[in-house]
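Inside the fold
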Amino acid sequence: MSEEVTAEILTTHILDLAGKGKRLDGRAADEYRKITVEHGFVTTADGSALVRIGETAVLSGIKLEPGKPFPDTPNAGVLTTNAELIPLSSPVFEPGPPQPGAIEVSRVVDRAIRAAETIDLTRLCVTPGEKTWVCYVDIHVLDHGGNLIDAALLAALGALTHATVPAKRFGIAEADYPLEVLHLPVECTFVRLGETIMVDPTFDEERAAQGRLTIATDETGRIVAMQKGLVGAFSPEDIKAMVERAFAHGERMRAIAKGGNA
Amino acid sequence: MGRSHRPGPRRQGREGSSSHPSGDRVLVLPGEEIPSQGLKPGPGTYRVGGKVYASVLGLLSPRPPFVQVVPLSGRYIPKPHDVVIGTVTDVQGTFWLLDIGAPRWAPLHMTGTPWPVEIGETEKFLRVGESVVVQVENLDPTGRIGVTMNGEGLGKLEGGSIVRISPARIPRVVGRGGSMIQTITQRTGAQVAVGQNGRIWVDGDPEAIHRVREALRMISEDGQRGGLTERVDSYLRSTTTSGDEGPHDPPREGAHRDAPEREFASAPPTEPDVDQDIPTDDPPEPGNN
Amino acid sequence: MGSVGAKDVPVLLSPEGLRIDGRRVDELRPIKIQAGALKHADGSAFVEWGANKVMAAVYGPREVHPRHLQQNTKAVIQCKYNMAAFSVDERKRPGLDRRSQEISKVIAEAFESVVFAEEFPRTSIDVYIEVLQANAGTRCAGLVAASVALADAGIPMADLLPAVAVGKAGGAIILDLKKEEDNFGEADLPMALVPQSGRLVLLQMEGHMTREELSKALDLGVKGCRDIYEVMKQALRDRYMVTPGQEGAA
């Protein structure tokens with residue numbers, strides 16, 4: 001299918017409202033939609049979480065399996081992230097090989113998890129050079145209402161923080177044990193609408209946006225990933241302001257990923 | 001569990017007969033048998049072995065001599081004379097393709113506009129992303145939907161905002177005899193164009209647009225409960241400021257020529273087209289519809 | 001019965017006639033269906049059936065992509081069944097696999113048998129089934145979810161399509177296999193029923209049966225389908241319930 005065309009009248013209206021600091025759904029420029037996390041949604045996974053941000057729903061499942069380490073890192077485990085923008089979730093997705101959008105979500109989420117050292121990969125090593133845990137982070141978008149990156153990382157984090165290493169099942173240890181999570185990266189995505197910068201864009205706001213910036217932070221005050229998307233520009237002042245907002249939102253989102261709801 | 005039963009109105013919580021007077025609506029599902037009482041199968045039904053069944057999820061609606069099922073969901077299914085709002089999705093040398101939320105895009109030919117369009121110059125008059133109010137003229141058996149912009153109240157839309165709701169909810173937006181849409185426009189002072197395809201254009205000052213959007217959201221999402229008219233009216237009353245009551249304002253200064261100057265409270269669906277192809281489980285004969 | 005000499009073959013049928021999870025031979029697993037579970041699809045449904053979790057979405061009728069698949073006289077029904085990587089015990093690699101392609105085909109054909117596709121020439125009705133958590137009978141759960149999603153999307157059809165898998169274990173014909181029964185039993189027979197006509201539009205078998213066993217399996221499956229049918233209908237009624245005082249515009 002082709003991309004559904006968004007009416008110019010609607011994007012103009014969104015930009016007009018943004019000029020006054022308003023949004024179609026009545027939110028403030030710096031306000032997220034309602035966020036919920038449901039842990040353990042899928043019991044066949046070693047850890048899972050279903051995240052909703054407004055009308056966006058993303059499910060992540062963690063699977064841990066024994067495998068071989070990479071030759072150049074014999075003491076480290078393997079972490080791999082894959083996001084699927086399945087056609088079930090939106091009229092604008094097609095079946096087939098991953099589109100650039102899916103690849104971008106996978107990689108931006110992956111970078112945040114790695115840079116934050118969310119998991120100590122050396123702890124995943126079983127026998128150096130021979131055997132290690134491979135941690136698969138699979139992310140399925142179920143409903144696309146905008147801001148997939150934030151929801152995807154939140155779902156992945158929710159799954160990782162409640163994951164169990166199936167050591168007993170694979171005969172590697174006497175008992176299963178919880179996956180140790182060292183850091184908690186979350187991502188915060190902003191869009192530029194005219195001269196106004198707004199957080200957590202809806203699908204229509206993304207269509208109207210002139211630039212998008214995602215900032216990942218962790219609980220120690222580090223910025224652990226950034227990604228600019230869409231067509232448009234941000235000044236260094238804009239970026240510094242967004243970074244401060246990202247830290248503030250990050251605190252709240254971390255709490256939600258671990259066990260609460262907004 | 002045995003045979004499927006005919007559903008009764010939910011409030012009774014039991015199986016009821018479907019022989020209601022019109023005005024009492026029964027929800028039916030595909031495959032449910034409809035007591036036809038001598039009525040002929042109309043849209044949303046099919047006949048097998050002398051019995052009539054529903055083919056879509058919807059409300060049973062006897063319209064003698066037909067019985068039909070009015071869908072409660074799904075994409076917009078175009079009917080001749082419907083006024084709809086579309087967005088240009090492609091531009092060709094002699095026509096534009098409009099997304100009207102129907103199963104197919106609708107071609108608007110350059111001769112279907114009042115503009116002096118030359119072949120190859122269509123882009124100058126309408127671009128991808130722009131929106132128009134058009135009327136459905138005809139449907140051919142291949143599913144091609146003919147639309148025209150020649151006619152009163154039709155034209156290009158500029159400014160304002162667009163709301164999308166399920167086409168099945170449009171009759172509630174219009175209301176009996178146009179009562180609901182009048183309430184909305186009068187209490188807000190907004191201009192509204194209602195497309196039968198579930199697209200609604202709203203224009204006015206920002207507060208008016210916001211209130212109309214909210215009223216439409218209420219109708220779209222909450223309309224299954226009773227007392228909708230009162231709730232919408234109550235909401236609009238509670239947020240009104242003086243000066244909004246009474247006939248709605250004339251178009252603003254500088255309102256674009258092509259913008260509609262009054263709402264299009266298109267008539268609610270009436271009798272089914274008697275010649276319309278009636279779905280059965282046999283393939284349609286060529287030449288029908 | 002199962003693999004002779006294999007370790008850990010579970011007892012699939014007790015002397016009292018109880019199955020591995022305590023069910024009788026003709027009992028279904030618990031089923032919960034939510035119609036309209038997604039916001040952006042034209043129609044959708046979420047099915048929890050035993051330990052299965054399956055989401056289905058329908059888009060359409062809409063323009064066909066790629067165009068060459070278009071048919072002049074009717075809508076094409078395209079179905080994609082997929083299992084999420086984390087839906088099974090051993091992670092499934094993302095991407096097309098032959099099993100999913102076969103299942104997609106038989107499900108599409110089942111729907112082609114009941115959907116009134118001639119009403120929408122040159123369009124596509126796209127059915128997407130995503131298994132999020134699997135425990136045997138996923139194609140049946142997917143078909144049931146997709147059928148409810150089609151009704152939710154307002155697609156005209158002759159009937160909803162309840163489906164269930166019948167199997168054989170411990171010498172008995174059993175209804176609605178769960179994972180161990182599927183893995184260690186002797187036959188797996190998924191089927192889908194058109195309740196209005198009493199006919200089957202999906203039927204496959206893996207394993208082996210005698211003619212008498214097949215006859216019994218068909219009866220048991222049809223009865224199971226009729227029970228599932230009621231659950232499907234109720235899910236749609238719950239979503240679209242009509243209350244008194246609803247003013248029609250006409």
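Residues numbered from 1 in each chain as written. Chains lettered and ligands numbered in written order. Predicted model: local features only at pLDDT ≥ 70, side-chain atom pairs only at ≥ 80, totals over all residues. Heavy atoms only, no water.

A look at the confidence of the model for chain C
Residues and elements named next belong to chain C. Model confidence for chain C is summarised by a mean pLDDT of 92, while 94% of its residues fall at 70 or above. Within the model, the stretch residues 1-5 combines pLDDT values under 50 with five contacts to residues more than four positions away or in other chains. When the criterion is pLDDT under 50, residues 244-250 qualifies, and its contacts beyond four places in sequence or with other chains add up to 16 contacts. Across the assembled chains, the prediction reports ipTM 0.93 with pTM 0.88. (pLDDT = per-residue confidence, 0-100. Contact = heavy atoms within 4.5 Å.)

Describing the packing of aromatic side chains
One pass over the structure, following the stated rule, counts seven aromatic pairs over all chains. Pairing Trp133 of chain A with Phe170 of chain A gives two aromatic rings, centres 5.9 Å apart and planes at 80°, and the pair type is edge-to-face. Note that Trp133 of chain A is positioned in strand E6 (residues 131-143) and Phe170 of chain A in the loop between strand E7 (164-165) and strand E8 (177-178), a separation of 37 residues in sequence. We classify Phe170 of chain A as partly exposed; its relative accessible area is 30%. Taking 5.6 Å as the distance between ring centres and 20° as the angle between the ring planes, the aromatic pair formed by Trp115 of chain B and Phe125 of chain B counts as stacked. (Phe/Tyr/Trp six-rings, centres within 6.5 Å; stacked < 30°, edge-to-face > 60°. Helix = DSSP H or I, 4+ residues; strand = E, 2+ residues; numbered from the N terminus. Buried < 20%, exposed > 50% of the residue type's maximum accessible area, 1.4 Å probe, protein only.)

Re the nonpolar core
Grouped together as the largest cluster of nonpolar side chains are 76 residues, with contacts concentrated most on Phe111 and Val115 of chain C. If you tally residues by element for this core, the top one is helix H2 (residues 138-152) of chain C, at ten residues. Beyond its immediate stretch of four places on either side in the chain, Phe111 of chain C contacts Ile77, Val127, Leu143, Ala146, Ser147, Leu150 and Leu161 of chain C. Within the second largest apolar cluster, 62 residues are counted, among which are Ala116, Ala156, Leu213 and Ala246 of chain A. (Core = buried A, V, L, I, M, F, W, Y, C linked by side-chain atoms within 4.5 Å.)

Some remarks on helix H3 (residues 179-188) of chain B
All names here are of chain B. Of all ten residues making up H3, seven are buried, and the element is well covered by its neighbours. For H3, every residue scored as buried is listed here: Met180, Ile181, Thr183, Ile184, Thr185, Arg187 and Thr188. Buried residues along H3 sit in contact with helix H2 (170-174), strand E15 (191-194), helix H4 (206-222) and helix H5 (228-238). Where H3 ends, the next residue or the one after it, Gly189, has phi of about 75°, a positive value.

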